[in-house]
Structure formats: structure tokens, C-alpha cells
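# Report on the structure
Single-letter residue listing:
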Amino acid sequence: MPAADALARVTIPADLLPRDGRFGSGPSLVRPEQVEALAAVGRTVLGTSHRQAAVRDVVARVRSGLATLFDLPDGYEVVLGNGGSTAFWDVATLCLVERRAAHAQFGEFGAKFAAATTRAPFLEPSHVVSAPAGEVAVPAFVDGADTYAWPHNETSTGVIAPVRRVPGSRESGALVVVDGTSSAGGTTLDVAQTDVYYFAPQKSFASDGGLWLALASPAAVERAARVEASGRWVPEFLSFTTAVTNSRAEQTLNTPAVATLVLLAEQVEWMLAHGGLAWAAARTAESSGHLYAWAESRDWATPFVADPALRSPVVGTVDLAPEIDAPTVTAVLRRHGVVDIEPYRKLGRNQLRVGMYPAVDPQDVRALTACVDHVVAQLV
Ligand SMILES: *Cc1c(COP(=O)(O)O)cnc(C)c1O
């Protein structure tokens, strides 16, 4: 059936559809209860000063909730600022890397941070190890590197990487800085293996974008203080030390998106009420376990990540056989309210990418694959 015809003719019966059709990898599904909680504080918190108790209490809920959720090691603290994870790459380039960074890149997001330190005129050329999309690279010890960086979950490909200190790096005083933007909150982690584990709220934390959050070790806080005092020009907006000072006062340097903070606090407390990170990780493992098993059992679908140990529990990528046009499948689904399962644009594959963060009900992932089966049966 030609694509245009299929778009108009293929319908999905209502009883097959997921209860919530949002499967984006970020922004991602925000639970209706979070939105209700936001509406409830609409007159007392929204539209009020971020320097006063009402909003600072929300920041405090976020910071203490995350500290509990991640079981923060002694001395670690939760730091936040405006600008999302993309801004944090610049914060880290300016304030955390002293002379030279070593990166592992295996997709768009890891590559962007590597590009940021590589371009910085005050740093030595970065050391970068790469792996092709769908595989993983981890940095090995590099003489002279003072910062090691890689993404925990490469959202553009659906690969999950190990988070552990690079052997020899601790002895050399190097920091480990891991991008947890999409993994944080959806999978378990030993924070002590990192000095900075940073993320944004619009993925596993089911909030809106615009903020960065970082779990920072004392070594990271000290490093930033030293680098920033060294004479390097650091714009105040990108100063890690300024963010630390403001965070300790339950504030941000400049005005934050208060609604984002409320949605985030609600999601962190929802996870804690259900059993914390282990519970959230079990939920994403159930969703993703189903997705990958389903893809393996269809002769027209294959998990894009060949090694099962590297398949992400939170962002699943599934290649479709060439005779099944993925854009047609996603367009039919979109017409039925099942949205955002298009692949990462620059990957350019005939693929579905499914966000399975903790807010997504595993039952809905089962419903999603049933819908894809239904659409594909009508296309071939
Ligand atoms: C989404 C994402 C980012 C970018 O986050 P922004 O908040 O939009 O800047 C960075 N890294 C990873 C791994 C991501 O998934």
C-alpha cells in the first residue's frame, strides 16, 4: 500500500491504544497527577518571587529529594542552574576542566560535549575515543587528562554505558563527569563512581526543560573554585561556583522556570514514595524488556543495539525491515495520538525510538507494540 494511502486508511481500534500515547525521549510524558499538583499551587507558588520561601521550599524539595533518591555519598551536593544540560557542557568546559579533557563519544550528545572542550581556546586539545552509533566506547587512562567525560545513556542511539571511575584516574586527581540527562532517575547508579553526574528534568524526571542539575563531589566543587580563581574568564551565568553558592541557599542565579521545579519535585517524590531508584529502574526494565523481546520476535524488526548488555532501559531503538516504512508507521500512530517515536533525526535510520522513562506505564509499552503490529499487518 503506498504511503499516502496508508496514512489515510490504516486505523487502529481504540481498545488497542495505550492509555497515554506519549513515548517521547525528551520532552517526555508528564503524569497528569504532576500537572494537577502544579495547578494546585498555581496561586501560591507560580508567579511569586523565587527569592521567597514558597519557591525556595520547592527547590529544597528537589535538592533533598534527589539526595535521597541517589543515596548521595558523604559531602556530595545537588547543584542546579538555568540552561539545561547543553548549558552545563559550557559550565564544565569553563569551570571543571583544568587543562585537558578525555571524552568517550558514541552518539550526538557525547560528541557535543567533546566538541565544546575541543573548541575551548584555553584548553589543550581533548582526547576523544569514539565508537559507531549503536556501540559504546569508554575512556581509558590518558596521561595529562584531568577530566573524563561520557554519557551514561546515549539518547540518540539507545545505548547505555557503564559508569565507573577510569582506572588510575583517581590517583591522578582527575574528575569523572558523566552526562546522566536521560538515564538519571530511570536506572540505578553508584554516584561515588563520578564527581559530577548531571542531568536535565525533561527525561526520566517527567518535567519540563530549561534547568541543569548536578550531583557534585567535594573534589568537583574544589576544582571549580580553583579554576575560577585562576584568572580564566568565566561568565557569571556559567560559573559552577556561583551555582553552588545559590543552590546551597535553595536558589538559582537568575529566575528559574518555577513550573519546571514543581513538576520535578512531584516526580522525585512519586519515585521515592514507590521505593526510589530501584523501583524506577525495575519499571523501565520491564518496559524495555518487553520492547526488545518483541522486536526480536518479529522478523521485520530488530533491536538496533546488537549487544543486549548495551541496550538502554529508558530509550529503546528498533530498526524496521526496509519494506516497512518507519515514517509511515509513526505517522499513522501519530494520527491516533501515539506520538514521538520517530528516531533521532541525524541517525537517519528506518527506525522507531521509544522513550520508556519511569512515568511511562509498562502496560502502555505493550499496547504500543500491539499497535505497531496492527499497523504493519495492514501495510504489507
Ligand atoms: C537531551 C540530552 C541532552 C540535552 O539536554 P538539554 O536539556 O536539551 O540541553 C544532553 N545529553 C543527553 C544524554 C540528552 O539525552
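A few points on the structure. (Residues numbered from 1 in each chain as written. Predicted model: local features only at pLDDT ≥ 70, side-chain atom pairs only at ≥ 80, totals over all residues. Heavy atoms only, no water.)

Strands pair in a sheet through their backbones, by hydrogen bonds, and they do so in one of two ways: parallel or antiparallel. Here we have seven strands laid out as an open sheet, ordered 1-9-8-7-4-2-3, and mixed in their pairing. Only two strands of the sheet have a single neighbouring strand rather than two, namely strand 1 (77-82) and strand 3 (127-130). Within this sheet the neighbouring strands show an average axis-to-axis angle of 20°, counted without direction. Pairing between strand 2 (residues 101-105) and strand 4 (residues 147-151): three bridges, direction parallel. Paired with histidine 103 across the strands is alanine 149, a residue of strand 4. Of the strands in this sheet, strand 1, strand 7 (175-179), strand 8 (196-199) and strand 9 (211-216) are in contact with helix 4 (residues 84-95), which crosses strand 9 at around 55°. (Pairing = 2+ DSSP bridges. Helix = DSSP H or I, 4+ residues; strand = E, 2+ residues; numbered from the N terminus. Axes fitted to C-alpha atoms, helices over the stretch in contact; angles between N-to-C directions. Contact = heavy atoms within 4.5 Å.)

Below, the discussion takes up the environment of serine 156. Tracing the backbone through its elements, the reader meets serine 156 in the loop between strand 5 (153-154) and strand 6 (159-160). Serine 156 sits 46 residues away from glycine 110 along the chain, and the two C-alpha atoms are 9.6 Å apart. When residues no more than four places from it in sequence are discounted, the contact partners of serine 156 are Gly107, Glu108, Phe109, Tyr344, Leu347 and Arg353. Here glutamate 108 takes part through its backbone nitrogen, which lies 3.1 Å from a polar atom of the side chain of serine 156. (Polar contact = N/O pair within 3.5 Å; in protein donor to acceptor, adjacent residues only side chain to side chain.)

Inspection of the secondary structure assignment puts proline 162 in the loop between strand 6 and strand 7. The exposure class assigned to proline 162 is partly exposed, which follows from its relative accessible area of 25%. Put simply, proline 162 and arginine 353 are 191 residues apart on the chain and 21 Å apart in space, counted from C-alpha to C-alpha. Among all residues touching proline 162, those that are not within four sequence positions of it are Val138 and Trp150. (Buried < 20%, exposed > 50% of the residue type's maximum accessible area, 1.4 Å probe, protein only.)

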